[in-house]
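# Remarks on the overall topology
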Amino acid sequence: MATPPAPTPPTAPDRTGTGTSTSTGTGTTEAARPAEPARPGTRSEDILKVHRLARSGGSAALLHWLAGRLGGWTGVLDPRKDAVPCASRSAPEAARRGAAELAARGVRSAALDGDGSAVLLYALDGGRVLAAEVQRPYAPAAPALLADAAGALELVLRAEEAERRAERARLAESRAREAVLHLLMAGRLSTAHQVAETLSPSLPDPMRMYVIESRAAQRAEVARVCRELTGGRAWIVRCPVYVRHLIAFVPTDLAASSATHDPLAEALVRAVPDCVVGVSCQLSLRESPAAHTQAFHALAVARGRTGHHARFGPAPEPELAAHEAGTGWAEAFLAPLHAYEPRRPQDPGGHELRATAHAWLDFSSHATRLLKIHRNTLASRLRLVESVLGTDLARLPEQAALSLALRLTPGGRTSPYRTPAPAVPGAVRAPAAGAAADLDAVLRHPHLAAWSHAQLAPLTGPDAPPGALDTVRAWLRNDTHLAGTASALGLSVPGTRKRLTRIEGVLQRSLLQSPSARYDLWLADRAAELARPATAEHHPTQPDTAMKRDEVLEKCLIMPE
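Presented here is an overview of the structure given in this document. (Residues numbered from 1 in each chain as written. Predicted model: local features only at pLDDT ≥ 70, side-chain atom pairs only at ≥ 80, totals over all residues. Heavy atoms only, no water.)

### Structural notes on the overall build of the chain
Of regular secondary structure, the chain possesses 20 helices and 10 strands. Across the 561 residues in the chain, those meeting the buried criterion constitute 52%. Long-range contacts, defined as pairs at least 24 residues apart, comprise 71% of the intrachain contacts of the chain with a sequence gap of at least 6. Accessible area for the chain stands at about 25,700 Å²; split by element, carbon and sulfur atoms hold 55% of it. (Helix = DSSP H or I, 4+ residues; strand = E, 2+ residues; numbered from the N terminus. Buried < 20%, exposed > 50% of the residue type's maximum accessible area, 1.4 Å probe, protein only. Contact = heavy atoms within 4.5 Å. Areas by Shrake-Rupley, 256 points an atom, 1.4 Å probe, with all protein chains shown as cover.)

### Description of the pairing of strand 6 (residues 207-213)
Taking burial as the measure, the 7 residues of strand 6 include 7 buried ones, the bulk of the element. Of the two faces of strand 6, the one lined by Met207, Met209, Val211 and Glu213 and the one lined by Arg208, Tyr210 and Ile212 are each fully buried. When strand 6 meets strand 8 (residues 245-251), the two strands line up antiparallel, connected through 7 bridges. Its bridge partner being in strand 8, Glu213 is matched across the sheet by His245. Examined bridge by bridge, strand 6 and strand 9 (residues 276-279) share 4 bridges and lie antiparallel to one another. When the sheet's bridge partners are listed, Glu213 is paired in strand 9 with Val276. (Pairing = 2+ DSSP bridges.)

### Notes on the nonpolar core
By size, the foremost hydrophobic cluster in this structure holds 89 residues, and its most contacted members are Phe249, Trp329 and Leu439. Leaving out residues up to four positions away in the same chain, Leu439 has contacts with Trp329, Ala401, Leu404, Trp522 and Leu523. Counting 28 residues, the second-largest nonpolar core is a separate cluster that includes Trp65, Ala111, Ala152 and Leu153. (Core = buried A, V, L, I, M, F, W, Y, C linked by side-chain atoms within 4.5 Å.)

### Topic: the layout of surface pockets
Size it by volume and the second largest pocket reaches roughly 510 Å³. Residue lining of the second largest pocket: 19 residues in total, with Glu173, Ser174, Arg177, Arg227 and Arg238 positioned closest to the centre. Sorting the residues of the lining of the second largest pocket by element identifies helix 4 (142-185), helix 6 (219-229) and strand 7 (235-238) as the ones contributing at least two each. Among the elements that line the lining of the second largest pocket, the one with the most residues is helix 4, at 7 residues. Here the residues of the lining of the second largest pocket are counted per class, giving 8 nonpolar, 3 polar and 8 charged. (1 Å grid on protein atoms, 1.4 Å probe; cavity = no way out; pocket = protein on both sides within 12 Å on 5 of 7 lines; lining within 4 Å. Points joined across faces, edges and corners; volume = space filled by probe spheres on them. Nonpolar A, V, L, I, M, F, W, Y, C, P; charged D, E, K, R; others polar.)

### Focus: the pairing of strand 3 (residues 109-113)
Counting buried positions along strand 3 yields 5 of 5 residues, so the element is predominantly enclosed. Judged by which residues are buried, strand 3 turns out to be covered on both faces: Ser109, Ala111 and Asp113 on one side and Ala110 and Leu112 on the other are all buried. Judged from the 5 bridges that link them, strand 3 and strand 4 (residues 117-123) form a sheet pairing that is antiparallel. Bridging across to strand 4, Asp113 finds its partner in Ala118.

### What to know about unusual backbone geometry
For the bond running from Ser200 to Pro201, omega is -5°, close enough to zero to count as cis. Along the chain, the position of Pro201 falls in the loop between helix 5 (189-196) and strand 6. Geometrically, the link from Ser514 to Pro515 is a cis peptide bond, its omega value of 0° lying close to zero. Tracing the sequence through the fold places Pro515 in the loop between helix 18 (493-507) and helix 19 (518-531). Of note, the phi angle at His308 is positive, near 60°, even though the residue is not glycine. Checked against the element boundaries, His308 lands in the loop between helix 8 (288-302) and strand 10 (309-311). You will see that Ser364, though not glycine, has its phi angle at about 55°, which is positive. As for its position among the elements, Ser364 is in the loop between helix 10 (350-363) and helix 11 (367-371).

Written out as structure tokens, the structure is:
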């Protein structure tokens, strides 16, 4: 852009402007002081300084230097934004009036003299104005310096605006990808595909899900490496719950070829230091929630391996084993929640309460990030769920029962968000004919007994550390609280944590971090207990219940990461 001509200083004071200019926020206020005399032969040095500042410090650094060089206020004003007068309070009144007058007359530069000061004005692209208020008499070289700076400042402002637009676009894409992830978790495949097609690439189906753990600052680098290794075919999204996790939907032809050989995971670990990768089994997109749980469990195993990657081992899900015996019980158990109608329109209904309960069971206190609600709102909703269902969510057996019921009913495992069938207000569905009357009746089914044996067998196998089964049972009896477990075992809390970490590798499941296998383990242990002969049944003592229920629930809400 051509540099605007230097204005002629001796012009009559102009106070006729009626417009109000608005600062863009880039102006820097400086205390007025006598103008620095311009030294002969320094214009080239000033131009070099202007360009160095423009490259290294941006518009703010350049305006700050100009204010000091000219000995007065310097800033960028936008007369078109006079609807926000509070934004221009730092700008002198004469500068704001002069910028409005310059825009109204359509000239490129002007100098307005006032009582004891003058305002130098230069038009920039986009309707903005570079303005400087200096004391009279000002240095003869001041207009030339401002004119030289105007061209560089204009380019810097364009570059900064482009960066802000790019950042807004990156944020919009990130949120769109997160929305697609929520839709997949809700089982809304059609809508997820429609949104995903506006991005790239297409969602792979079937797929394997990769959960990649790294330092939060490395996630962008991990995503770039993953795109390169998959030729841009992996669909990548940042985990909305854990800031260190990246989720990748990878086509099956690029994913793990066996339980011990995964070229993509190995390449990721080599390319990104301290990277850990968990991989799910091959599943369809409709099974995305199960894929995420599997990959998360594999991630817990990978942390303890030298290769820093692991694939989820084959194991039946409890809802598959309990489907025949437990569906009727689950529908009757959740009927009050499905039929719940809030007293006020702004209060959460049954659908939102179900989503809240499922998210909390999966992610504990991190559910606030997933649901985008405050922790107090989460606690309030959980208490409402308790009152509707008549249960105590501070206790692990109640949590396990609710978790299984959610997974057995439509919209259970496939989402904390899928809307159940419309319920008649106040109506309670009766159990289907032949349905189990309670959870124990469900767990006595032969399918559950076989599933229970498969779940607990690794704890007594040759690879299990000594006392693994007793450790897990003590942990379950104490509602998975480490302090109570350590006391029951006669260990320290760090020692108990180390034991459970070793057991995670044996079970190939996450225990200490949500999503955790705690509910499945409790169900398996209870089914095993019910399968024993009556004379051998053992009813473990429950932990001290002197603590108030609300205090226990509060502890659950503030579990550490």
